[in-house]
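Read off the chains here:
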Amino acid sequence: MAASASLARPRTRPALGAAVGVIRPLLPVVIIGVILFLAPAFLSDFRQNLLAKFLCFAILAVGIDLMWGYTGMLSLGHGVWFGLGGYAMGMYLKLEDADGRLPDFMNWSGLTAVPWFWKPFEHPWFALPAAVIGPGILAFLVGYLVFRSRVKGAYFSIITQALALILSIFFVGQQQYTGGTNGLTNFSTLFGFSLADRSTQDVLYLLTVAVLVLTMLFATWLTRAPLGSLLVAIRDDEDRVRFSGHNVTLVKAGVFAVSAALAGIAGALYVPQVGIISPANMGIVPSIEFVLLVAVGGRGTITGAVIGAILVSWARSTLSENYPDTWLYFFGALFIGAVLLFPAGIVGTWRALLRRRPALLRWPRSPAAARLDPRGAAHE
């Protein structure tokens, strides 16, 4: 009996290690989800709406982190995909408000009929998928052409930045179709429900939280799957991965498309809660700010992207409220200080500190768990 018991004990350790390996990366997602779902009980209508805006940025930040943190592609034009998703939703909302009539800004611009490319956006079954699939397909095509030419590093960043500049200028110039500089605004209903009602905003907030949690779960699964190891390998040594027989062009274009689709989802959720989408959301400045969200939170960490998006957006809002004339100086100093003092970001620095703590305080980790997760903290 003693011998059989001693033989049984080691068999339970791999099972325990496997359970820890599965549960551990999901804990931050669960904690963040619970906190965000309970937050409306402690927030005013204004603060809840503000938090919902921050969560939209968090969804977008996760997409950027998949590209930059894990695959090593720094995009400085993600405002384009965010804006395209937002415009798809905004077009539907404007046509719903018009109820068969010409939208107000088209009337002011001299149009007499709704343009043909606007008509499909009368239907939510077209507008909602278009907000996600549209940016994803366009990003895949652009990415495939760029990555096929072996463009990478700073040159890729410059191309994405130029794309943001071109698209924002183009949308400003199409006043009669896009609303020009003012963009699309003055939305009143969504699927027949008033956007001014607290109940509608509550549903939109909870939907945003649910999408963020699903996005984090998807990103966690993706980065811990074999594909995640491939993404990190591309980041570390792209030529070696290419020589190993992998189609690096398709992989990078696919990650670019997924990241753009997440940005489109974020834009679509942003519009009905904030009430406006304009070319300013597609420009270079917001695109750089989106990257800074990930840099402050910690690139290569899904949780860091979310925390960085929420904290930086909250700091920006708080500083602009309390110091309306000088908040930009404080905000710039905050970014510079964060990058200089915490180059690995908030979560990256925290994990580095945890690795240095006494062994007795560490998370129990069996040899089996180590074998299940050989990729290190960057994949958590």
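Everything discussed here concerns the structure shown above.
Keep in mind the model is a prediction, meaning the values are calculated, not measured.

Rules of the game
Residue positions are given per chain, counted from 1 along the sequence in the order it is written. Local features in this predicted model are restricted to residues whose pLDDT is 70 or higher, and side-chain atom pairs enter the listing and the counts only when it is 80 or higher, whereas totals over whole chains, interfaces and linings include all residues. To get the side-chain values, all heavy atoms of the structure are used, and hydrogens and water are removed first. Per the convention used, a helix needs a DSSP run of H or I reaching at least four residues, while a strand needs a run of E reaching at least two, with both numbered from the N terminus. Burial classes: relative accessible area under 20% of the type maximum marks a residue as buried, over 50% as exposed, and values in between as partly exposed (1.4 Å probe, protein chains only). A contact between two residues is defined here by any heavy atoms of the two lying within 4.5 Å. Two joining distances apply to patches: 9 Å for like charges and 5 Å for nonpolar side chains (Val, Leu, Ile, Met, Phe, Trp, Tyr), and every residue must have over 30% relative accessible area and no salt bridge. Surface exposure here means Shrake-Rupley accessible area, sampled with a 1.4 Å probe, where a residue is shielded only by the protein chains that are shown. Just to be clear on terms, a salt bridge is a Lys or Arg side-chain nitrogen sitting within 4 Å of an Asp or Glu carboxyl oxygen. Centres within 6.5 Å make a pair out of two Phe, Tyr or Trp rings, where for Trp the six-membered ring is used; the pair is then stacked when the planes are under 30 degrees apart, edge-to-face when over 60, and tilted otherwise. Every angle, taken between N-to-C directions, lies between 0 and 180 degrees, and every axis is a line fitted to C-alpha atoms, over only the stretch in contact when it is a helix. We call two directions roughly parallel when the angle between them is under 35 degrees, roughly antiparallel when it is over 145, roughly perpendicular when it lies between 65 and 115, and oblique otherwise. The residue classification treats Ala, Val, Leu, Ile, Met, Phe, Trp, Tyr, Cys and Pro as nonpolar and Asp, Glu, Lys and Arg as charged. All others, Gly included, are polar. Here a polar contact is recorded for every N or O atom pair within 3.5 Å, except that within protein the pair must consist of a potential hydrogen donor and a potential acceptor, and residues adjacent in sequence are included only if both atoms are side-chain atoms. The set of buried Ala, Val, Leu, Ile, Met, Phe, Trp, Tyr and Cys residues whose side-chain atoms join them within 4.5 Å is what this entry labels a nonpolar core. Each helix should span, by expectation, one fewer than its residue count multiplied by 1.5 Å. Throughout, the arc means that of the directions going from the helix axis to the C-beta atoms.

## A word on the overall build of the protein
Per the secondary structure count, the protein includes 17 helices and 4 strands. By the burial criterion, 47% of the 380 residues in the protein qualify as buried. Restricting to contacts in the protein with at least 6 residues of sequence separation, those with at least 24 account for 81%.

## A few points about the environment of Gly 183
Looking at the element boundaries, Gly 183 is found in the loop between helix H8 (175–178) and strand E1 (184–185). With a relative accessible area of 6%, Gly 183 lands in the buried category. In contact with Gly 183, other than residues within four places in its own chain, are Tyr 87, Thr 178, Ile 277, Ser 278 and Pro 279.

## Here's the deal with a nonpolar patch on the surface
A surface patch of nonpolar side chains, amounting to about 680 Å² of accessible area, comprises Leu 26, Val 30, Val 34, Leu 38, Phe 42, Leu 214 and Leu 217. With 3 residues, helix H2 (residues 27–38) is the largest single contributor of residues to the nonpolar patch. Mapped onto the fold, Leu 214 is located in helix H9 (residues 198–224).

## With respect to the packing of aromatic side chains
Counting across every chain of the model gives 18 aromatic pairs. With a centroid separation of 6.3 Å and 20° between ring planes, the pair formed by Phe 140 and Tyr 144 is classed as stacked. Of this pair, Phe 140 and Tyr 144 both sit in helix H6 (residues 124–148), 4 residues apart, which is roughly one turn of that helix. A residue is classified by how much of its surface remains accessible, and Phe 140, at 29% relative accessible area, is partly exposed. Among the aromatic residues, ring-to-ring pairing joins Phe 57, Phe 82, Tyr 270 and Phe 290 into one connected group.

## What about the pattern of salt bridges?
As enumerated under the stated definition, the model contains 9 salt bridges in all. Between Asp 239 and Lys 152 there is a salt bridge, with its nearest N and O atoms 3.9 Å apart. On the criterion of sequence distance, the pair formed by Asp 239 in helix H11 (residues 238–243) and Lys 152 in the loop between H6 and helix H7 (154–173) is long-range, its members being 87 residues apart. Judged by its relative accessible area of 36%, Asp 239 falls in the partly exposed class.

## A few points about the packing of helix H3 (residues 45–70) against helix H13 (residues 284–297)
Direction vectors running N to C along H3 and H13 enclose 75°, while the axes themselves pass 9 Å from each other. Classified by the interaxial angle, the pair formed by H3 and H13 is roughly perpendicular. Taking contact as the criterion, the partners of Phe 57, Leu 60, Ala 61, Ile 64, Asp 65 and Trp 68 in H3 are, on H13, Phe 290, Val 291, Leu 293, Val 294 and Ala 295. The class makeup of the residues in the contact of H3 with H13 is 10 nonpolar, no polar and 1 charged.

## Structural notes on the environment of Asp 97
Counting through the fold element by element, Asp 97 comes out in helix H4 (residues 79–98). Through-space distance from the C-alpha of Asp 97 to that of Asn 186 is 8.9 Å; in sequence the pair is 89 residues apart. Dropping the residues within four chain positions of it, Asp 97 is found in contact with Asn 186, Phe 187, Ser 188 and Thr 189. Only 2.7 Å separates the side chain of Asp 97 from the side chain of Ser 188, close enough to count as a polar contact.

## So, the nonpolar core
Ranked by size, the top nonpolar core spans 99 residues in total, and within it Leu 36, Leu 55, Trp 118, Leu 184, Tyr 205, Leu 212 and Val 306 carry the most contacts. Here this core takes 17 residues from H3, the largest share from any one element. In this view, Leu 212 contacts Leu 36, Leu 55, Ala 58, Ile 59 and Val 306; residues no more than four positions away in its chain are not counted.

## With respect to H7
Residue pairs spaced three or four apart in an α-helix point in one direction, given the helix's 3.6 residues per turn. Its 20 residues place the ends of H7 29 Å apart at the C-alpha level, agreeing with the 28 Å of an ideal helix rising 1.5 Å per residue. Buried residues of H7: Phe 156, Ser 157, Thr 160, Ala 164, Leu 167, Ser 168 and Phe 171, and no others. For H7, the buried positions fall inside an angular range of 105° around the axis, keeping them on one side. Residues of H7 that are exposed and point over 90 degrees away from its buried face: Ala 154, Tyr 155, Ile 158, Ile 166 and Ile 169. Those residues of H7 that are buried lie in contact with H3, H4, H6, H8, helix H12 (248–274) and H13.

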